[in-house]
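# Structural description and commentary
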4 protein chains.
Amino acid sequence: MTICVTVWNENRHEKTNPEVRKIYPNGIHGAIADFLKDAGMDVNTATLDEPEHGLTDEILNKTDVLVWWGHIAHREVSDGIVDKVYHRVLDGMGLIVLHSGHFSKIFRRLMGTTCNLRWREIGEKERLWVIEPSHPIAEGIGNYIELPNTEMYGERFDIPAPETLVFVSWFAGGEVCRSGCCYTRGKGKIFYFRPGHETFPIFYNKEIQRVITNAAHWAAPVEGPLPRFGHIPKPLEDVS
Amino acid sequence: MTICVTVWNENRHEKTNPEVRKIYPNGIHGAIADFLKDAGMDVNTATLDEPEHGLTDEILNKTDVLVWWGHIAHREVSDGIVDKVYHRVLDGMGLIVLHSGHFSKIFRRLMGTTCNLRWREIGEKERLWVIEPSHPIAEGIGNYIELPNTEMYGERFDIPAPETLVFVSWFAGGEVCRSGCCYTRGKGKIFYFRPGHETFPIFYNKEIQRVITNAAHWAAPVEGPLPRFGHIPKPLEDVS
Amino acid sequence: MTICVTVWNENRHEKTNPEVRKIYPNGIHGAIADFLKDAGMDVNTATLDEPEHGLTDEILNKTDVLVWWGHIAHREVSDGIVDKVYHRVLDGMGLIVLHSGHFSKIFRRLMGTTCNLRWREIGEKERLWVIEPSHPIAEGIGNYIELPNTEMYGERFDIPAPETLVFVSWFAGGEVCRSGCCYTRGKGKIFYFRPGHETFPIFYNKEIQRVITNAAHWAAPVEGPLPRFGHIPKPLEDVS
Amino acid sequence: MTICVTVWNENRHEKTNPEVRKIYPNGIHGAIADFLKDAGMDVNTATLDEPEHGLTDEILNKTDVLVWWGHIAHREVSDGIVDKVYHRVLDGMGLIVLHSGHFSKIFRRLMGTTCNLRWREIGEKERLWVIEPSHPIAEGIGNYIELPNTEMYGERFDIPAPETLVFVSWFAGGEVCRSGCCYTRGKGKIFYFRPGHETFPIFYNKEIQRVITNAAHWAAPVEGPLPRFGHIPKPLEDVS
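Below is a short write-up of the structure. Keep in mind the model is a prediction, meaning the values are calculated, not measured. (Residues numbered from 1 in each chain as written. Chains lettered and ligands numbered in written order. Predicted model: local features only at pLDDT ≥ 70, side-chain atom pairs only at ≥ 80, totals over all residues.)

A few words now on the interface of chain B and chain C. Between chain B and chain C, the residue contacts involve 18 residues of the former and 18 residues of the latter. At the level of elements, strand E5 (118-130) and strand E7 (164-171) of chain B are the ones that each hand at least two residues to the side of chain B that touches chain C. Take the side of chain B that touches chain C: its biggest share by element is four residues, from E7 of chain B. (Contact = placed C-beta atoms within 7 Å. Helix = DSSP H or I, 4+ residues; strand = E, 2+ residues; numbered from the N terminus.)

Now for the pairing of strand E8 (residues 176-185) of chain A. Residues and elements named next belong to chain A. Counting buried positions over the ten residues of E8 gives eight, a clear majority of the element. Where strand E7 (residues 164-171) and E8 come together, six bridges link them in antiparallel fashion. Opposite Phe167, over in E8, you have Gly180 as the bridge partner. What sits between the antiparallel neighbours E7 and E8 is a turn of four residues, in which Gly174 has the positive phi angle 120°. Bridge count between E8 and strand E9 (residues 188-193): six bridges; the pairing is antiparallel. Looking at the pairing, Cys181 lines up with Tyr192 of E9. (Buried ≥ 20, exposed ≤ 12 C-beta atoms within 10 Å, placed from the backbone. Pairing = 2+ DSSP bridges.)

It is worth spelling out the relation of the copies chain B and chain A at this point. With an RMSD of 0.0 Å, the fit of chain B onto chain A corresponds to turning through 180° and sliding 0.0 Å along the axis. Accordingly, the operation relating the two chain copies is best matched by a two-fold axis. In terms of proximity to the rotation axis, the leading residue of chain B is Gly112 of chain B, whose C-alpha is 2.6 Å off the axis. Both copies share a contact surface, since 100% of the interface residues of chain B are interface residues in chain A too. (Least-squares fit on C-alpha atoms with pLDDT ≥ 70 in both.)

Here we take up the interface of chain B and chain A. With 38 residues of chain B in contact, the opposing surface of chain A contributes 38 residues. Listing elements by their share of the side of chain B that touches chain A, those giving two or more residues are helix H6 (105-111), E5, strand E8 (176-185) and strand E10 (230-231) of chain B. Top element by residues in the side of chain B that touches chain A is E5 of chain B. It accounts for six residues. Per-class residue counts for the side of chain B that touches chain A are 16 nonpolar, eleven polar and eleven charged. The sheet contact formed by strand E10 (residues 230-231) of chain A and E5 of chain B spans two bridges and is parallel. Bridge pairing in E5 of chain B links Gly230 of chain A to Arg118 of chain B. (Nonpolar A, V, L, I, M, F, W, Y, C, P; charged D, E, K, R; others polar.)

Val67 and Ile96 of chain B together with Val67 and Ile96 of chain C are the most contacted members of the largest nonpolar core, which totals 150 residues. Once residues lying within four places of it in the same chain are set aside, the contact partners of Ile96 of chain C are Val65, Val67, Trp68, Phe191, Phe193, Ile212, Ala215, Ala216 and Ala219 of chain C. Within the second largest apolar cluster, 146 residues are counted, among which are Ala46 and Ala172 of chain A together with Ile190 and Phe203 of chain D. (Core = buried A, V, L, I, M, F, W, Y, C linked by C-beta atoms within 7 Å.)

So, about the packing of helix H3 (residues 27-38) of chain D against helix H7 (residues 206-219) of chain D. Axes are the key here: two packed helices are described by the angle between their axes and the distance separating the axes. Residues and elements named next belong to chain D. Running from N to C, H3 and H7 point in directions that differ by 65°, and their axes come no closer than 10 Å. Compared by their axis directions, H3 and H7 come out roughly perpendicular. Where H3 crosses over H7, the two elements pack in a sense that is right-handed. In contact with Ile32, Phe35 and Leu36 of H3, H7 contributes Gln209, Ile212, Thr213 and Ala216. (Axes fitted to C-alpha atoms, helices over the stretch in contact; angles between N-to-C directions. Parallel < 35°, antiparallel > 145°, perpendicular 65-115°, else oblique. Left-handed = near helix turned anticlockwise from the far one by under 90°.)

Treat this as a map of the structure, not an account of what it does.
Here's what the structure looks like:
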């Protein structure tokens, strides 16, 4: 069955910074949408400045997996929309949070922590080591992914311990980071993936594209039980 | 070093229901405070109707472990106080959430999920099986704790998978529940413990008292590193 | 791609006990093979009394997922064959261990514990509650699976804490059991599933069949990296 | 209560290599025993060439925590002794496995995997980042521990995902390693700690000493329930 992905992007750097526009002429969302389409997915994009940030009920209800990229305008995302996305995740929609999305309202709300970290922007080398080679998100990847120039994010990364830790990053400047982290919240699967930046062309890297594509497959909803919550007046057994 | 515990109680059933007052003449908080004092801890109590719900900065700042019991008035807990408690937990204060506290604002915020579950109130038997016999919270407990009459809480319990699952409950009416669950959020340790009710005298049970006492020891802050977050302009290495 | 499953069965009860033969005329392995074939898988069977227990190199090398059922003859399984299966699992072959297979040499070796538990055989009712409704192994299942007559297995079940706990069983006689447990060992995925018995017709239950089928999909190998182990004389960087 | 620690060392490098003898005149075990004694513990040492490798029943039965260092003679450790240590761990004895002990028989048996990894010995810099600042093993440690010259161990480290990941190492040469890993097996707690080498004076580093001391406190047995295993003929309830 075709997976329906919505790629959400703050899309602000692209509007104000010619350097970013040059690298991502159709926006970061456009670049991500392109490779997910090539992988056979049904892809929409949505951005902050659209009505309802492009995340109408209609769009959200048909979205299997939401990809989230934000950086300088996390506070401008309306609490009402965050609330809707939150409940869709708990109801089973997958969520892939990229790079600076670690500080987005939606990720912090789902994690229950500050999601704070160390960072440095000198274009240093990053090497993402595969920690769990049998995880579906690592399919088709080698022992590590090397990125010649990235922004550093380092530990302590204030997140709950991931249910599965798929990648750990090494940075030339001396730090490490849990950079591929799987979570379940309600019926929704969440993957945080560290790489991605507005001026380094990370999202054109074929291995990074492969990871995000794998993650969309992994995070797509499963038709499991619809839990029955609330008052159950009669015992299932006649034993009490 | 003496552990400083604050026992917080909504304290509403005690005011309106003579049956509850009879069982807990000094409130649920009073009963819990008594056995924690007997265990050598330095114990305060705080309740909803006090100014700032009894959780002033002064009290919170000296509290090592906060015990939380609420039921019918979760919504009356001010968001500002929840915010303060939340940040204290992330900074290292332990939190023990009892029974109906699963639906408290503070627990839901730290979990990132609805914390919903099934429930039934027919006074059925519960048996809490020890799943991890080597966990400090299980110290001094037998293979299981039996409670002759309890309110049932059953799965699906909408929480993130616990980091350690210490107890699983069996209910005569046919359900099971992950009833002793450990989490870390920021530098704070959290223990959710299912038993406890306003009209069943659960908090006088010696084994239940032992578990809560053990949990206070386990959740007390550790003098670990104070993570340095934010911009680290210079690399630790001269290698990039 | 078609998943290649080998169903291994001790096949001793079937030879000596007419009651078992009546329920499983083609052996437990035959019954399991049937529904996996119906699900489109490529299925072999293998049994203890065949040469090399039916697990020749040729068979093992082409097996994506091995299903294991044993009970009274665990000790007769040759250490050499266990060793081969062990290394195939570490290399990526999935393993589904059913019921009394908890005491098999292969499961104990992969777990590193005794895998001991409590048990009782009075044909009592079991109810398997779904704990993680979004896990692929729970696809198509309701809030719980009910089995009218089963052998009881109860906690403390001496296993490492599962990476994912998919099912917890309730038993009428008063116990609980972690009855659907996911593990990773090396590149291999392992699922322990509690139900299944030689005289209760568990493997004809459609929901049990669905769980085992789902587990075979989940446990099938992923084409992740082939880790490079051993001596790496030269640094990846020129920095030391 | 005083914790009784036994420090086990292969003690072969010390006998054949003058450089090692110079650094560790009383053996690696002697250096480790010294700082644990200073921390108030009751400490024995035991070595490979003693009768029963120094691990008699008398010694093992009174040991709360066993520290293990081995490197070139893992195969010479008798299977019978490994079996005894294994069962003592399952019964509650703590185990701290240091550095090259990752390849010891006892650690591999408890993990159920090969415990293989990458390694390089050029004396490069290692930095151990604290991942869980609230874990008792991180008490008194800063954001990271820096070792100027170490042997590198890198991912993929073929272990089961740790229950708690306390440290991740960065190496100047380009690798990362999960270098502080907590496990439970049976009633025993296990801590694998990567640093330590026969010619780099790692065990004189005060922070490394602090981590090992903390780990001994953490791994000491808890007086939890003694699980009852086996046949339980009568139901706990009269309901079946």
